[in-house]
Amino acid sequence: MIKKFDKKDEETGSGSNPFQHLEKSAVLQEARIFNETPINPRRCLHILTKILYLLNQGEHFGTTEATEAFFAMTRLFQSNDTSGYRLNTFPTPLFSHPAAVSALAKFGAQNESLLPSILVLLQRCMMDSDDEVRDRATFYLNVLQQRQIALNAAYIFNGLTVSVPGMEKALHQYTLEPSDKPFDMKTVPLATAPIFEQKAEIALVASKPEKIAPSRHDIFQEQLAAIPEFKSLGPLFKSSEPVQLTEAETEYFVCCTKHVFTNHMVFQFDCTNTLNDQLLERVTVQMEPSDAYDVIRSIPAASLSYNQPGMCYTLVRLPQDDPTAVACTFSCTMKFTVRDCNPNTGVPEDDGYDDEYVLEDLEVTVSDHIQKVLKPNFAAAWEEVGDDFEKEETFALSSIKTLDEAVGNIIKFLGMQPCERSDKVPENKNSHTLYLAGVYRGGYDVLVRSRLALGDGVTMQVTVRSKDETPVDVILASVG
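Here the structure is a predicted model, which is why all the values come from computation and not from measurement.

A. Focus on the overall build of the chain. Summing up its helical and strand segments, the chain has 14 helices and 17 strands in all. In the chain, which comprises 480 residues, the proportion classed as buried is 44%. For the chain, the accessible surface area stands at approximately 26200 Å², while carbon and sulfur atoms represent 49% of it.

So, in structure tokens, the structure goes:
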């Protein structure tokens with residue numbers, strides 16, 4: 001332990017304190033050597049000693065200063081010099097930040113030799129004044145003490161990929177409806193975009209918490225739940241981007257959004273009547289599937305006045321006999337009753353007549369059944385899922401001439417999230433491995449490892465893992 005010198009000792013020169021004239025700004029300037037290549041662990045440890053002295057003297061390190069120093073110090077772990085691994089000498093106040101605690105846990109999960117020291121530091125962090133630091137330290141300490149690879153992968157490396165507001169709503173709903181069944185995480189919607197924890201947490205100024213605006217998923221979930229025919233479908237899994245089924249200049253403009261549930265799909269048709277001399281009533285879209293999809297019912301739009309958008313819906317049951325038959329083409333026809341009206345007044349005539357308008361075909365592909373999800377540590381996620389339902393097949397992509405084209409087509413076709421920056425193919429390479437992660441409807445994680453080799457075309461070896469057999473079969477059947 002560093003002895004704390006009194007000002008009296010410094011003024012009289014008593015004792016032997018080589019650090020008595022240290023200034024924080026000078027030490028932080030010296031700390032830039034942490035970013036040198038190659039790093040010098042022994043010089044770095046000397047600077048750490050100076051930082052410890054300043055902290056012991058009551059010197060305050062701001063949030064930015066502490067965070068930058070911490071992430072610079074972690075470069076010591078890259079050195080082969082084991083003197084840099086004396087983690088117990090690290091100044092604990094530098095871990096008084098939630099992002100630092102998370103990073104510390106990842107080091108412990110990844111490096112067995114560092115784990116004992118990291119457990120000690122996490123125990124110290126449990127006495128921090130910050131609530132979130134204490135909570136994270138307690139959580140990570142308990143996970144790391146189990147020494148289980150699967151737990152580390154699920155709760156440290158990759159973490160939860162759900163929507164936080166969605167989880168809050170789901171938990172609230174669970175408390176309102178008492179049940180003997182445990183809470184099911186599969187009912188929670190996924191986060192719609194990757195969360196980059198470090199960037200979000202190193203904010204220079206803490207802003208006041210703002211009310212979170214409802215996401216597109218939340219809006220659709222509430223909108224569909226308000227329709228009695230859709231109440232029993234369960235939680236909404238995914239909603240596609242709108243697909244145009246007519247040209248913009250035609251008399252009727254129609255686009256479709258595909259809403260995916262565990263066993264059903266709801267097709268939402270947003271329709272606009274661009275004719276000022278017509279009023280459309282009882283507007284529906286009749287769908288004819290090419291495969292085993294079962295059209296259950298249509299919910300009409302009551303009326304479509306000139307330039308006033310309206311919505312109608314079609315409910316479809318997904319194939320039950322062959323769960324791998326997820327791809328389908330629907331022929332679509334808009335049907336309605338027309339009442340002619342005065343263009344100037346908009347007043348319709350009493351009598352009307354039935355009419356229809358043929359729309360573009362609508363495609364449902366495997367990507368509609370998969371939600372992208374980011375796995376920062378793909379190898380850990382791969383081991384966590386396990387090989388119980390692993391399957392592998394090899395395909396020849398004869399029409400594709402480059403690896404870049406192959407990677408782009410695979411990502412677009414499967415609708416999965418590339419991991420480990422594997423969507424970027426290094427230059428002058430004849431082989432490449434693409435890592436993809438997603439969640440299949442029903443809440444099943446699915447991982448794909450695609451090994452690509454360039455020859456006369458591209459040869460692709462696809463390995464798929466999931467904790468359920470159906471997603472594996474769906475992907476291999478779709479690629480084949």
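B. Spotlight on helix H8 (residues 149-157). Regarding H8, the residues found buried are Asn 152, Ala 153, Ala 154, Ile 156 and Phe 157. Contacts made by the buried residues of H8 are with helix H5 (98-110), helix H7 (131-146) and helix H12 (378-385). Phi for Gly 159, located one or two positions after H8, is positive at around 65 degrees.

C. Focus on unusual backbone geometry. Look at Arg 282: it is not a glycine, yet its phi comes out positive at around 50 degrees. In this structure, Arg 282 sits in strand S5 (residues 278-289). Its identity as a non-glycine residue notwithstanding, Glu 420 has a phi of 55 degrees, on the positive side. Following the sequence through the fold, Glu 420 ends up in the loop between strand S14 (417-418) and strand S15 (431-440).

D. Looking closely at a nonpolar patch on the surface. Residues Phe 139, Tyr 155, Leu 160 and Met 185 make up a contiguous nonpolar surface patch of roughly 390 Å² in combined accessible area. The topology assignment puts Leu 160 in the loop between H8 and helix H9 (164-176).

E. Representation of helix H14 (residues 469-479) within the structure. For H14, the set of buried residues is Pro 471, Val 472, Val 474, Ile 475 and Leu 476. Tucked into the core, H14 has its buried residues touching strand S12 (370-372), strand S13 (391-397), helix H13 (403-414), S15, strand S16 (444-454) and strand S17 (458-466). Capping the start of H14, Asp 468 holds a side-chain oxygen 3.1 Å from the backbone nitrogen of Thr 470, two or three residues further along.

F. Just a negative patch on the surface, in detail. Taken together, the side chains of Glu 247, Glu 249, Glu 360, Asp 361 and Glu 363 define an acidic patch exposed on the protein surface. Counting through the fold element by element, Glu 360 comes out in the loop between strand S10 (353-358) and strand S11 (362-364).

G. Representation of the environment of Ile 299 within the structure. Relative to the elements of secondary structure, Ile 299 occurs in strand S6 (residues 294-299). Sequence separation of Ile 299 and Arg 282 is 17 residues, and the distance between their C-alpha atoms is 9.1 Å. Apart from the residues lying within four places of it in its own chain, the contact partners of Ile 299 are Glu 229, Phe 230, Cys 312 and Tyr 313.

H. Highlighting the nonpolar core. Ranked by size, the top nonpolar core spans 68 residues in total, and within it Phe 267, Phe 269, Tyr 293, Phe 330 and Met 334 carry the most contacts. Contacts of Phe 267, omitting those with residues within four sequence positions, involve Cys 256, Thr 257, Lys 258, Met 287, Cys 312, Tyr 313, Thr 314, Val 316, Phe 330, Leu 362 and Val 364. Counting 21 residues, the second largest nonpolar core, distinct from the first, contains Leu 104, Ala 105, Phe 157 and Ala 380.

I. Quick peek at the confidence of the model for the chain. Chain-level statistics for the chain give a pLDDT mean of 82 and a share of 83% at 70 or above. Across residues 1-15, confidence stays below pLDDT 50; counting only partners more than four residues off in sequence or on other chains, it has 16 contacts.

J. Geometry of the packing of aromatic side chains. Using the criterion set out here, one finds 10 aromatic pairs in the structure. On the basis of an interplanar angle of 65 degrees and a centroid distance of 5.3 Å, the ring pair of Tyr 252 and Phe 336 is categorised as edge-to-face. Here the residue Tyr 252 occupies a position in strand S3 (residues 252-260), and Phe 336 occupies one in strand S9 (residues 328-340), the gap between them amounting to 84 residues. Summarising the burial analysis for this pair, Tyr 252 and Phe 336 share the class buried.

K. Structural detail: the state of the cysteines. For the structure shown, the criterion picks out zero disulfides. The thiol of Cys 332 is not disulfide-bonded; the next cysteine sulfur, from Cys 256, is found 6.9 Å away.

L. Geometry of the packing of H8 against H12. It is the contact of H8 with H12, at a shortest axis distance of 8 Å, that shows an interaxial angle of 135 degrees. By the angle between their directions, the pair H8 and H12 is classed as oblique. H8 and H12 meet at a crossing whose hand is left-handed. Across the interface between the two elements, Ala 150, Ala 153, Ala 154 and Phe 157 of H8 pack against Ala 380, Ala 381 and Glu 384 of H12.

M. Looking closely at the pattern of salt bridges. Under the criterion given, the structure shown has 12 salt bridges. Between Lys 335 and Glu 356 there is a salt bridge whose closest N-O contact spans 3.9 Å. Here Lys 335 is found in strand S9, whereas its partner Glu 356 is found in strand S10, with 21 residues between them in sequence. Overall, the relative accessible area of 29% leaves Lys 335 in the partly exposed class.

What counts and what doesn't
Residues numbered from 1 in each chain as written. Predicted model: local features only at pLDDT ≥ 70, side-chain atom pairs only at ≥ 80, totals over all residues. Heavy atoms only, no water. Helix = DSSP H or I, 4+ residues; strand = E, 2+ residues; numbered from the N terminus. Buried < 20%, exposed > 50% of the residue type's maximum accessible area, 1.4 Å probe, protein only. Areas by Shrake-Rupley, 256 points an atom, 1.4 Å probe, with all protein chains shown as cover. Contact = heavy atoms within 4.5 Å. Patch = residues over 30% accessible without salt bridge, like charges linked within 9 Å, V, L, I, M, F, W, Y side chains within 5 Å. Salt bridge = Lys/Arg side-chain N within 4 Å of Asp/Glu carboxyl O. Polar contact = N/O pair within 3.5 Å; in protein donor to acceptor, adjacent residues only side chain to side chain. Lys, Arg positive; Asp, Glu negative; His and termini not counted. Charge placed at Lys NZ, Arg CZ, Asp CG, Glu CD. Core = buried A, V, L, I, M, F, W, Y, C linked by side-chain atoms within 4.5 Å. pLDDT = per-residue confidence, 0-100. Phe/Tyr/Trp six-rings, centres within 6.5 Å; stacked < 30°, edge-to-face > 60°. Disulfide = S-S within 2.5 Å. Axes fitted to C-alpha atoms, helices over the stretch in contact; angles between N-to-C directions. Parallel < 35°, antiparallel > 145°, perpendicular 65-115°, else oblique. Left-handed = near helix turned anticlockwise from the far one by under 90°.

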